[in-house]
Amino acid sequence: QLQLEESGGGLVQPGGSLRVSCATSGFTNDYDAIGWFRQAPGKDQEGVSCIRSSDASTWYLDTVKGRFTISRDNAKNMVYLQMTSLEPEDTGVYSCAAAVGSGPCSTLAYAAWGQGTQVTVSS
C-alpha cells in the first residue's frame, strides 16, 4: 500500500518562496498521479496541482499558475511543489495524495493521503 508524507511547510513572508515535499513509499509503481491539495481555516479543500506518473503532464489551479511548479524525482520517490511569490491567500494545510486511473490527473479520485504540512504566509 502506498504511503505519503509531506514536509517543508513553515512561515513565509508575502512574496517569499517555499518548497513542500511529498515522500512516497510502499507500492510506488501502483499509482497514476500525485496531487497537492490545500485547505485554509473555514474554507473547502481545493486541488492546487497534480502530475501524472506516465507522461509527467501537469495541472494547476488558476490562482497559482505561474507561481507554483510541481515536479518529481522518480529515483527518490519524491514529488515537490515549489511555491514562489506567495500570498496570504496561499495559507493552509498542504497535503499530497495519490490516485489510480486514466485521463488527466485533475479528473482522478485521490484515495491515499498524507498527513499534511502547514504553510503560513504572513508578515
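Provided above is the structure to which this section pertains.
Residues numbered from 1 in each chain as written. Predicted model: local features only at pLDDT ≥ 70, side-chain atom pairs only at ≥ 80, totals over all residues. Heavy atoms only, no water.

Enquirer: I'd like a rundown of the overall build of the protein, residues and numbers included.
Expert: Within the protein, the regular secondary structure consists of zero helices and 11 strands. Shown N-terminal to C-terminal, the secondary structure of the protein runs as helices and strands in the order β-β-β-β-β-β-β-β-β-β-β. In summary, the protein has a C-alpha radius of gyration of 14 Å against a globular reference of 14 Å for 123 residues, a match within 12%. Overall, the protein is about 40 × 30 × 25 Å in size when its C-alpha atoms are taken along their principal axes. For the protein, the proportion of its 123 residues judged to be buried stands at 44%. Of the contacts made within the protein by residues no fewer than 6 positions apart, 56% connect residues no fewer than 24 positions apart. Accessible surface, the protein: about 6,400 Å² in total, of which carbon and sulfur atoms supply 47%. Across the protein, the centroid of the 8 positively charged side chains sits 5 Å from that of the 12 negatively charged ones. (Helix = DSSP H or I, 4+ residues; strand = E, 2+ residues; numbered from the N terminus. Rg over C-alpha atoms; globule rule 2.2 N^0.38 Å. Buried < 20%, exposed > 50% of the residue type's maximum accessible area, 1.4 Å probe, protein only. Contact = heavy atoms within 4.5 Å. Areas by Shrake-Rupley, 256 points an atom, 1.4 Å probe, with all protein chains shown as cover. Lys, Arg positive; Asp, Glu negative; His and termini not counted. Charge placed at Lys NZ, Arg CZ, Asp CG, Glu CD.)

Enquirer: Describe the pairing of strand 7 (residues 68-73), naming the residues involved and giving the relevant values.
Expert: Relative to strand 8 (residues 78-83), strand 7 runs antiparallel, the two sharing six bridges. Residue pairing across strands places Ile70 opposite Leu81, the latter belonging to strand 8. Here strand 7 folds back onto strand 8 in antiparallel fashion, the turn holding four residues, of which Asn77 has a positive phi close to 55°. (Pairing = 2+ DSSP bridges.)

Enquirer: Before we move on, can you summarise unusual backbone geometry with the specific residues and values?
Expert: In this model, Ala56 sits at a positive phi of 65°, which is unusual for a non-glycine residue. According to the relative accessible area criterion, Ala56 is partly exposed, its value standing at 32%. You will see that Asn77, though not glycine, has its phi angle at about 55°, which is positive. One can find Asn77 in the loop between strand 7 and strand 8.

Enquirer: Any details on the environment of Ala75? Residues and values, ideally.
Expert: Secondary-structure assignment places Ala75 in the loop between strand 7 and strand 8. Note on Ala75: relative accessible area 74%, which makes it exposed. Remark: the alpha-carbon pair of Ala75 and Gly10, spanning 65 residues in sequence, is separated by 26 Å.

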